[in-house]
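# Descriptive analysis of the structure
Below are the chains, spelled out letter by letter.
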Amino acid sequence: MNILFITDYEDIGNGGDSRVPWEMSRYVADNTKNKIFLLTTGKKFSIEKDILSPSLTILRVPSLKIFSTYRIFMSDTFSVHYLYEILNSLNLDIIHSHSYSFLSYTVQNWCNSNDKPFIYTSHILPTKALSGKTETYINKGLKVPLNIYFTNFYKGCSSIIVLNKYAQKDWKKYSKYKYPLTIIPNANNFSFDSVEFKSVSPTKDSIRLIFTGRITKNKNQIFLIKSLPFLKTKKRIHLILPGEGIRTTELEILSKALFKNTNIEVKLPGFILHEQVKKELLKSTYFVSASLREVQSLSVIEALASGTPVIALQNETTSELIKDKYNGFLIKRDSTEKQFAKVLDKALNINDSEYITMCKNSIKSVNHLTFENVWEKTEELYKTQPKI
(Lines give C-alpha, C1' and ligand atoms only; values in the text may rest on other atoms or scores of the structure.)
Protein backbone atom coordinates (compact mmCIF):
# COMPACT_ATOMS: atom_id res chain seq x y z
CA MET A 1 0.00 0.00 0.00
CA ASN A 2 0.97 3.62 -0.53
CA ILE A 3 0.19 5.34 2.78
CA LEU A 4 0.24 9.03 3.65
CA PHE A 5 0.42 10.06 7.32
CA ILE A 6 -0.31 13.68 8.28
CA THR A 7 0.92 15.85 11.16
CA ASP A 8 1.15 19.62 11.68
CA TYR A 9 4.42 19.31 13.61
CA GLU A 10 7.45 19.93 11.42
CA ASP A 11 9.56 17.78 13.75
CA ILE A 12 8.77 15.30 16.48
CA GLY A 13 7.52 16.89 19.70
CA ASN A 14 6.19 15.60 23.02
CA GLY A 15 2.42 15.36 22.38
CA GLY A 16 0.65 12.32 20.97
CA ASP A 17 -0.54 14.19 17.87
CA SER A 18 3.12 14.87 17.08
CA ARG A 19 4.94 11.81 18.36
CA VAL A 20 2.58 9.12 17.07
CA PRO A 21 2.51 10.07 13.34
CA TRP A 22 6.29 10.63 13.26
CA GLU A 23 7.14 7.43 15.13
CA MET A 24 4.53 5.26 13.42
CA SER A 25 5.44 6.42 9.91
CA ARG A 26 9.10 5.64 10.64
CA TYR A 27 8.24 2.23 12.05
CA VAL A 28 6.03 1.25 9.11
CA ALA A 29 8.57 2.55 6.57
CA ASP A 30 11.39 0.56 8.21
CA ASN A 31 9.51 -2.65 8.98
CA THR A 32 7.02 -3.25 6.16
CA LYS A 33 6.96 -3.33 2.36
CA ASN A 34 4.51 -0.44 2.19
CA LYS A 35 5.54 2.85 0.61
CA ILE A 36 5.23 5.51 3.31
CA PHE A 37 4.92 9.28 3.06
CA LEU A 38 4.62 11.81 5.89
CA LEU A 39 2.92 15.09 5.02
CA THR A 40 3.97 17.80 7.42
CA THR A 41 4.66 21.51 7.69
CA GLY A 42 7.71 23.64 6.94
CA LYS A 43 8.90 26.95 5.55
CA LYS A 44 8.27 25.94 1.93
CA PHE A 45 7.29 23.06 -0.33
CA SER A 46 9.90 20.30 -0.25
CA ILE A 47 10.28 16.55 -0.71
CA GLU A 48 13.05 14.84 1.23
CA LYS A 49 14.15 11.51 2.70
CA ASP A 50 13.88 11.24 6.48
CA ILE A 51 17.29 11.33 8.16
CA LEU A 52 16.46 8.63 10.73
CA SER A 53 14.40 6.45 8.38
CA PRO A 54 15.55 6.88 4.76
CA SER A 55 12.67 4.65 3.59
CA LEU A 56 10.27 7.39 4.71
CA THR A 57 9.55 10.28 2.33
CA ILE A 58 8.81 13.63 3.98
CA LEU A 59 6.52 16.06 2.14
CA ARG A 60 6.55 19.61 3.51
CA VAL A 61 4.11 22.45 2.78
CA PRO A 62 4.58 26.18 3.51
CA SER A 63 3.21 26.96 6.97
CA LEU A 64 3.12 29.66 9.62
CA LYS A 65 5.04 28.87 12.82
CA ILE A 66 2.88 29.12 15.95
CA PHE A 67 5.07 27.62 18.68
CA SER A 68 7.96 25.18 19.04
CA THR A 69 7.59 22.72 16.11
CA TYR A 70 3.90 23.42 15.44
CA ARG A 71 2.88 25.22 12.24
CA ILE A 72 -0.40 26.04 10.46
CA PHE A 73 -0.70 25.34 6.74
CA MET A 74 -0.91 28.47 4.56
CA SER A 75 -3.98 27.34 2.65
CA ASP A 76 -3.91 29.92 -0.14
CA THR A 77 -5.10 28.98 -3.62
CA PHE A 78 -1.61 28.35 -5.02
CA SER A 79 -0.51 26.18 -2.06
CA VAL A 80 -3.69 24.09 -2.16
CA HIS A 81 -3.43 23.60 -5.93
CA TYR A 82 0.25 22.63 -5.71
CA LEU A 83 -0.44 20.24 -2.82
CA TYR A 84 -3.19 18.56 -4.86
CA GLU A 85 -0.75 18.08 -7.74
CA ILE A 86 1.65 16.32 -5.38
CA LEU A 87 -1.12 14.10 -4.00
CA ASN A 88 -2.26 13.22 -7.52
CA SER A 89 1.24 11.94 -8.32
CA LEU A 90 1.55 9.55 -5.35
CA ASN A 91 -1.06 6.91 -6.23
CA LEU A 92 -2.17 6.78 -2.59
CA ASP A 93 -4.24 3.99 -1.07
CA ILE A 94 -4.66 5.31 2.49
CA ILE A 95 -4.50 8.77 4.04
CA HIS A 96 -4.17 8.80 7.84
CA SER A 97 -4.20 12.06 9.78
CA HIS A 98 -3.60 12.77 13.46
CA SER A 99 -5.11 16.24 13.35
CA TYR A 100 -8.29 18.13 12.41
CA SER A 101 -6.25 21.10 11.16
CA PHE A 102 -6.53 23.12 7.94
CA LEU A 103 -3.88 20.86 6.38
CA SER A 104 -5.86 17.72 7.20
CA TYR A 105 -9.13 19.31 6.08
CA THR A 106 -7.55 20.31 2.77
CA VAL A 107 -6.30 16.78 2.17
CA GLN A 108 -9.65 15.34 3.25
CA ASN A 109 -11.39 17.39 0.55
CA TRP A 110 -8.97 15.93 -1.99
CA CYS A 111 -9.76 12.43 -0.69
CA ASN A 112 -13.48 12.94 -0.99
CA SER A 113 -13.08 14.21 -4.56
CA ASN A 114 -10.89 11.25 -5.51
CA ASP A 115 -12.66 8.44 -3.64
CA LYS A 116 -9.74 7.87 -1.29
CA PRO A 117 -10.22 6.65 2.32
CA PHE A 118 -9.40 9.28 4.94
CA ILE A 119 -8.70 7.97 8.47
CA TYR A 120 -8.41 10.26 11.46
CA THR A 121 -6.83 9.35 14.82
CA SER A 122 -8.39 11.50 17.54
CA HIS A 123 -6.08 12.61 20.34
CA ILE A 124 -8.86 14.65 21.95
CA LEU A 125 -12.16 14.23 23.75
CA PRO A 126 -14.56 15.97 21.33
CA THR A 127 -16.88 17.21 24.09
CA LYS A 128 -13.88 18.97 25.67
CA ALA A 129 -12.26 20.29 22.47
CA LEU A 130 -13.63 23.79 23.03
CA SER A 131 -13.34 23.88 26.81
CA GLY A 132 -11.36 26.06 29.20
CA LYS A 133 -9.50 29.07 27.81
CA THR A 134 -10.19 27.97 24.25
CA GLU A 135 -13.91 28.24 24.90
CA THR A 136 -13.45 31.71 26.43
CA TYR A 137 -11.68 32.93 23.31
CA ILE A 138 -14.09 31.46 20.79
CA ASN A 139 -17.25 32.59 22.59
CA LYS A 140 -16.67 35.93 20.90
CA GLY A 141 -18.29 34.69 17.71
CA LEU A 142 -16.20 31.72 16.62
CA LYS A 143 -17.86 28.89 18.53
CA VAL A 144 -20.65 28.21 16.00
CA PRO A 145 -18.44 28.22 12.86
CA LEU A 146 -15.83 26.08 14.62
CA ASN A 147 -18.44 23.52 15.61
CA ILE A 148 -19.63 23.45 11.98
CA TYR A 149 -16.00 22.95 10.89
CA PHE A 150 -15.51 20.05 13.33
CA THR A 151 -18.79 18.41 12.33
CA ASN A 152 -17.97 18.61 8.62
CA PHE A 153 -14.47 17.29 9.21
CA TYR A 154 -15.58 14.36 11.36
CA LYS A 155 -18.34 13.37 8.93
CA GLY A 156 -15.79 13.44 6.10
CA CYS A 157 -13.73 10.69 7.73
CA SER A 158 -14.11 7.15 6.46
CA SER A 159 -12.94 5.89 9.88
CA ILE A 160 -12.09 7.52 13.20
CA ILE A 161 -9.58 5.89 15.53
CA VAL A 162 -10.10 6.52 19.25
CA LEU A 163 -7.48 5.60 21.84
CA ASN A 164 -9.50 3.81 24.51
CA LYS A 165 -13.00 3.12 25.84
CA TYR A 166 -13.13 6.50 27.60
CA ALA A 167 -12.55 8.32 24.33
CA GLN A 168 -15.09 6.08 22.60
CA LYS A 169 -17.68 6.94 25.25
CA ASP A 170 -16.99 10.65 24.83
CA TRP A 171 -17.42 10.43 21.04
CA LYS A 172 -20.80 8.75 21.49
CA LYS A 173 -21.78 11.48 23.95
CA TYR A 174 -20.59 14.19 21.54
CA SER A 175 -23.13 13.48 18.81
CA LYS A 176 -26.08 11.26 17.92
CA TYR A 177 -24.40 10.79 14.55
CA LYS A 178 -22.89 7.30 14.44
CA TYR A 179 -19.25 7.96 13.63
CA PRO A 180 -17.25 4.93 12.38
CA LEU A 181 -15.17 4.45 15.56
CA THR A 182 -12.37 1.92 16.10
CA ILE A 183 -10.30 1.63 19.28
CA ILE A 184 -6.55 1.48 18.60
CA PRO A 185 -4.22 2.67 21.40
CA ASN A 186 -1.03 4.68 21.21
CA ALA A 187 2.21 2.74 20.75
CA ASN A 188 5.23 2.96 23.02
CA ASN A 189 8.78 2.88 21.73
CA PHE A 190 10.45 2.43 25.13
CA SER A 191 11.69 -1.11 25.69
CA PHE A 192 13.47 -2.39 28.79
CA ASP A 193 14.66 -5.91 29.53
CA SER A 194 15.76 -4.97 33.03
CA VAL A 195 15.73 -1.98 35.33
CA GLU A 196 18.10 -1.10 38.17
CA PHE A 197 15.24 -1.03 40.65
CA LYS A 198 17.24 -0.86 43.89
CA SER A 199 19.15 2.26 42.84
CA VAL A 200 15.89 4.25 43.05
CA SER A 201 14.15 2.29 45.83
CA PRO A 202 11.80 4.24 48.15
CA THR A 203 13.87 2.91 51.06
CA LYS A 204 16.65 5.33 50.09
CA ASP A 205 17.11 8.60 51.99
CA SER A 206 16.83 10.66 48.80
CA ILE A 207 13.73 10.24 46.62
CA ARG A 208 13.31 11.45 43.06
CA LEU A 209 9.81 12.06 41.67
CA ILE A 210 9.08 13.06 38.07
CA PHE A 211 6.30 14.30 35.83
CA THR A 212 6.89 15.14 32.16
CA GLY A 213 4.61 17.39 30.11
CA ARG A 214 3.93 20.95 29.06
CA ILE A 215 3.54 23.38 31.96
CA THR A 216 -0.19 24.05 31.68
CA LYS A 217 -3.28 24.38 33.82
CA ASN A 218 -4.60 21.03 32.59
CA LYS A 219 -1.36 19.19 33.39
CA ASN A 220 -1.80 20.59 36.92
CA GLN A 221 1.84 20.64 38.03
CA ILE A 222 0.89 23.25 40.61
CA PHE A 223 -1.14 20.58 42.46
CA LEU A 224 1.94 18.38 42.74
CA ILE A 225 3.99 21.24 44.16
CA LYS A 226 1.30 22.23 46.67
CA SER A 227 0.96 18.63 47.87
CA LEU A 228 4.59 18.35 48.96
CA PRO A 229 4.36 20.48 52.16
CA PHE A 230 1.87 17.91 53.52
CA LEU A 231 4.40 15.06 53.34
CA LYS A 232 5.39 13.62 56.70
CA THR A 233 8.50 11.86 55.45
CA LYS A 234 11.91 13.16 56.54
CA LYS A 235 13.54 11.91 53.35
CA ARG A 236 15.04 14.30 50.86
CA ILE A 237 12.45 14.84 48.08
CA HIS A 238 13.36 15.96 44.56
CA LEU A 239 10.43 16.73 42.22
CA ILE A 240 11.53 17.09 38.59
CA LEU A 241 9.09 18.75 36.16
CA PRO A 242 10.56 18.79 32.61
CA GLY A 243 8.49 20.73 30.10
CA GLU A 244 7.92 24.22 28.79
CA GLY A 245 5.02 26.61 29.14
CA ILE A 246 3.97 30.10 30.16
CA ARG A 247 3.34 29.03 33.78
CA THR A 248 6.97 28.00 34.40
CA THR A 249 7.98 31.24 36.14
CA GLU A 250 4.89 31.10 38.37
CA LEU A 251 5.79 27.58 39.51
CA GLU A 252 9.42 28.51 40.10
CA ILE A 253 8.43 31.42 42.34
CA LEU A 254 5.96 29.25 44.26
CA SER A 255 8.53 26.48 44.78
CA LYS A 256 11.16 28.89 46.12
CA ALA A 257 8.63 30.37 48.54
CA LEU A 258 7.41 27.00 49.83
CA PHE A 259 10.61 25.02 50.10
CA LYS A 260 13.39 27.38 51.15
CA ASN A 261 15.55 25.63 53.77
CA THR A 262 13.49 22.40 53.68
CA ASN A 263 14.10 18.77 52.65
CA ILE A 264 12.14 19.39 49.42
CA GLU A 265 13.49 20.60 46.08
CA VAL A 266 11.54 21.31 42.88
CA LYS A 267 13.30 21.63 39.54
CA LEU A 268 11.79 22.90 36.29
CA PRO A 269 14.51 22.23 33.69
CA GLY A 270 12.37 23.22 30.71
CA PHE A 271 12.12 21.19 27.51
CA ILE A 272 14.25 18.05 27.35
CA LEU A 273 14.78 15.80 24.34
CA HIS A 274 12.76 12.62 24.16
CA GLU A 275 15.96 10.54 24.40
CA GLN A 276 16.69 12.22 27.74
CA VAL A 277 13.24 11.32 29.11
CA LYS A 278 14.22 7.64 29.26
CA LYS A 279 17.30 8.47 31.36
CA GLU A 280 15.29 10.70 33.69
CA LEU A 281 12.68 7.97 34.25
CA LEU A 282 15.31 5.38 35.12
CA LYS A 283 16.65 7.73 37.82
CA SER A 284 13.19 8.32 39.32
CA THR A 285 11.42 6.34 42.05
CA TYR A 286 7.88 7.30 41.01
CA PHE A 287 6.14 9.09 38.19
CA VAL A 288 3.55 11.43 39.74
CA SER A 289 0.61 12.98 37.92
CA ALA A 290 -2.26 15.30 38.80
CA SER A 291 -3.36 15.85 35.19
CA LEU A 292 -7.03 16.69 34.91
CA ARG A 293 -7.49 15.28 31.40
CA GLU A 294 -5.31 12.84 29.42
CA VAL A 295 -6.95 10.89 26.60
CA GLN A 296 -4.06 8.42 26.54
CA SER A 297 -0.86 9.89 27.90
CA LEU A 298 2.38 8.74 26.27
CA SER A 299 4.22 10.05 29.35
CA VAL A 300 2.35 7.64 31.63
CA ILE A 301 2.78 4.77 29.17
CA GLU A 302 6.52 5.41 28.93
CA ALA A 303 6.88 5.71 32.70
CA LEU A 304 5.30 2.28 33.11
CA ALA A 305 7.40 0.84 30.27
CA SER A 306 10.53 2.04 32.07
CA GLY A 307 9.51 0.21 35.23
CA THR A 308 8.57 3.41 37.05
CA PRO A 309 5.34 2.99 39.08
CA VAL A 310 2.80 5.80 38.75
CA ILE A 311 1.09 7.74 41.53
CA ALA A 312 -1.76 9.69 39.98
CA LEU A 313 -5.15 11.28 40.17
CA GLN A 314 -7.80 9.52 38.11
CA ASN A 315 -8.13 10.62 34.50
CA GLU A 316 -8.82 8.83 31.21
CA THR A 317 -5.28 7.40 31.01
CA THR A 318 -4.60 6.52 34.63
CA SER A 319 -8.04 4.96 35.11
CA GLU A 320 -7.30 2.73 32.13
CA LEU A 321 -3.71 1.74 32.93
CA ILE A 322 -3.09 2.06 36.68
CA LYS A 323 -4.21 -0.67 39.05
CA ASP A 324 -3.94 0.46 42.66
CA LYS A 325 -1.01 -1.19 44.50
CA TYR A 326 -0.18 -3.24 41.38
CA ASN A 327 1.74 -0.81 39.18
CA GLY A 328 1.22 2.34 41.21
CA PHE A 329 -1.34 4.15 43.31
CA LEU A 330 -4.57 5.52 41.85
CA ILE A 331 -6.16 8.44 43.70
CA LYS A 332 -9.69 9.82 43.35
CA ARG A 333 -9.90 12.72 40.91
CA ASP A 334 -11.40 15.15 43.45
CA SER A 335 -8.76 14.47 46.12
CA THR A 336 -7.02 17.35 47.87
CA GLU A 337 -3.29 18.02 47.93
CA LYS A 338 -3.21 16.69 51.49
CA GLN A 339 -4.87 13.43 50.45
CA PHE A 340 -2.43 13.08 47.55
CA ALA A 341 0.50 13.56 49.95
CA LYS A 342 -0.91 10.89 52.28
CA VAL A 343 -0.80 8.33 49.46
CA LEU A 344 2.68 9.47 48.48
CA ASP A 345 3.87 8.98 52.08
CA LYS A 346 2.43 5.47 51.95
CA ALA A 347 4.28 4.79 48.68
CA LEU A 348 7.54 5.94 50.25
CA ASN A 349 7.20 3.41 53.06
CA ILE A 350 6.95 0.18 51.04
CA ASN A 351 9.91 -2.21 51.19
CA ASP A 352 12.31 -3.18 48.41
CA SER A 353 10.50 -6.41 47.59
CA GLU A 354 7.14 -4.67 47.21
CA TYR A 355 8.70 -1.93 45.10
CA ILE A 356 10.52 -4.33 42.76
CA THR A 357 7.28 -6.25 42.20
CA MET A 358 5.48 -3.00 41.41
CA CYS A 359 8.22 -2.03 38.94
CA LYS A 360 7.96 -5.36 37.15
CA ASN A 361 4.17 -5.07 37.07
CA SER A 362 4.51 -1.61 35.53
CA ILE A 363 6.41 -3.05 32.57
CA LYS A 364 3.93 -5.92 32.19
CA SER A 365 0.95 -3.56 32.13
CA VAL A 366 2.04 -1.88 28.87
CA ASN A 367 3.74 -4.81 27.13
CA HIS A 368 0.89 -4.95 24.64
CA LEU A 369 1.40 -1.34 23.50
CA THR A 370 4.16 -2.09 21.01
CA PHE A 371 4.44 -0.64 17.51
CA GLU A 372 4.13 -4.16 16.13
CA ASN A 373 0.78 -4.74 17.85
CA VAL A 374 -0.60 -1.28 17.14
CA TRP A 375 0.44 -1.44 13.49
CA GLU A 376 -1.22 -4.87 13.11
CA LYS A 377 -4.53 -3.40 14.30
CA THR A 378 -4.09 -0.32 12.14
CA GLU A 379 -3.33 -2.38 9.03
CA GLU A 380 -6.46 -4.47 9.66
CA LEU A 381 -8.51 -1.27 9.68
CA TYR A 382 -6.85 -0.09 6.46
CA LYS A 383 -7.86 -3.31 4.72
CA THR A 384 -11.53 -2.71 5.54
CA GLN A 385 -11.49 0.57 3.64
CA PRO A 386 -12.94 0.84 0.09
CA LYS A 387 -10.61 -0.15 -2.76
CA ILE A 388 -8.03 -1.74 -0.43
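Heads up: these notes are all about the structure in this document.

## What to know about the sheet that holds strand E13 (residues 286-289)
If you walk across this open sheet you meet the six strands as E12-E11-E10-E13-E14-E15, and the pairing is parallel. Strands with a single pairing partner mark the edges of an open sheet, and in this sheet they are strand E12 (264-267) and strand E15 (328-331). Taking the axes of each pair of neighbouring strands and ignoring which way they run, one obtains an average angle of 20° across the sheet. Where strand E14 (residues 310-313) lies against E15, four bridges are found, and the strand directions are parallel. Paired with Val 310 across the two strands is Gly 328, which belongs to E15.

## With respect to empty space enclosed by the protein
Taken as a whole, this structure holds three cavities of 30 Å³ or more when the rule is applied. In this structure, the largest cavity spans a volume of roughly 110 Å³. Taken together, 15 residues make up the lining of the largest cavity; nearest its centre are Val 20, His 98, Thr 121, Val 374 and Thr 378. For the lining of the largest cavity, the elements supplying multiple residues, two or more each, are helix H1 (16-31) and helix H14 (371-383). Here the element with the most residues in the lining of the largest cavity is H14; it accounts for three residues. Grouping the constituent residues of the lining of the largest cavity by class yields ten nonpolar, five polar and no charged.

## Some points on the packing of aromatic side chains
Applying the stated criterion across every chain yields a total of 25 aromatic pairs. When the ring of Trp 375 is compared with that of Tyr 382, the centres are 5.7 Å apart and the planes differ by 75°; the resulting orientation is edge-to-face. Neither residue differs from the other here; Trp 375 and Tyr 382 are each classed as buried. Across the ring face of Tyr 177, the terminal group of Lys 155 is positioned such that the distance to the ring centre comes to 4.7 Å. The aromatic ring of Tyr 326 is capped on one face by Lys 323, whose charged end is 5.7 Å from the ring centroid.

## Regarding the layout of surface pockets
Approximately 380 Å³ is the volume attributed to the second largest pocket. Every residue lining the second largest pocket is counted, 16 residues in all, and those nearest its centre are Ile 12, Arg 26, Leu 52, His 274 and Glu 275. Those elements giving two or more residues to the lining of the second largest pocket turn out to be H1 and helix H9 (274-282). Residue composition of the lining of the second largest pocket, by class: five nonpolar, five polar and six charged.

## Remarks on the pattern of salt bridges
Enumeration according to the criterion identifies ten salt bridges in this entry. We note a salt bridge from Glu 48 to Arg 60, for which the minimum N-O separation is 3.2 Å. Taken as a pair, Glu 48 in strand E3 (residues 46-49) and Arg 60 in strand E4 (residues 57-67) lie far apart in primary sequence, twelve residues in all. Look at Glu 48 and you get partly exposed, because its relative accessible area is 32%. Close ionic contact of Arg 208 with Glu 280 constitutes a salt bridge, the shortest N to O distance being 2.1 Å. Taken together, the positions of Arg 208 in strand E10 (residues 206-210) and Glu 280 in helix H9 put the pair 72 residues apart, joining distant regions of the chain. A relative accessible area of 11% places Glu 280 in the buried class.

## Section: unusual backbone geometry
Even without being a glycine, Asn 91 presents a positive backbone phi close to 55°. The backbone phi angle of Asn 220 is positive, close to 65°, even though this residue is not glycine. Residue placement: Asn 220 occurs in the loop between E10 and helix H7 (221-227).

Rules used throughout
Residues numbered from 1 in each chain as written. Predicted model: local features only at pLDDT ≥ 70, side-chain atom pairs only at ≥ 80, totals over all residues. Heavy atoms only, no water. Pairing = 2+ DSSP bridges. Helix = DSSP H or I, 4+ residues; strand = E, 2+ residues; numbered from the N terminus. Axes fitted to C-alpha atoms, helices over the stretch in contact; angles between N-to-C directions. 1 Å grid on protein atoms, 1.4 Å probe; cavity = no way out; pocket = protein on both sides within 12 Å on 5 of 7 lines; lining within 4 Å. Points joined across faces, edges and corners; volume = space filled by probe spheres on them. Nonpolar A, V, L, I, M, F, W, Y, C, P; charged D, E, K, R; others polar. Phe/Tyr/Trp six-rings, centres within 6.5 Å; stacked < 30°, edge-to-face > 60°. Buried < 20%, exposed > 50% of the residue type's maximum accessible area, 1.4 Å probe, protein only. Lys NZ or Arg CZ within 6 Å of the ring centre and 35° of its normal. Salt bridge = Lys/Arg side-chain N within 4 Å of Asp/Glu carboxyl O.

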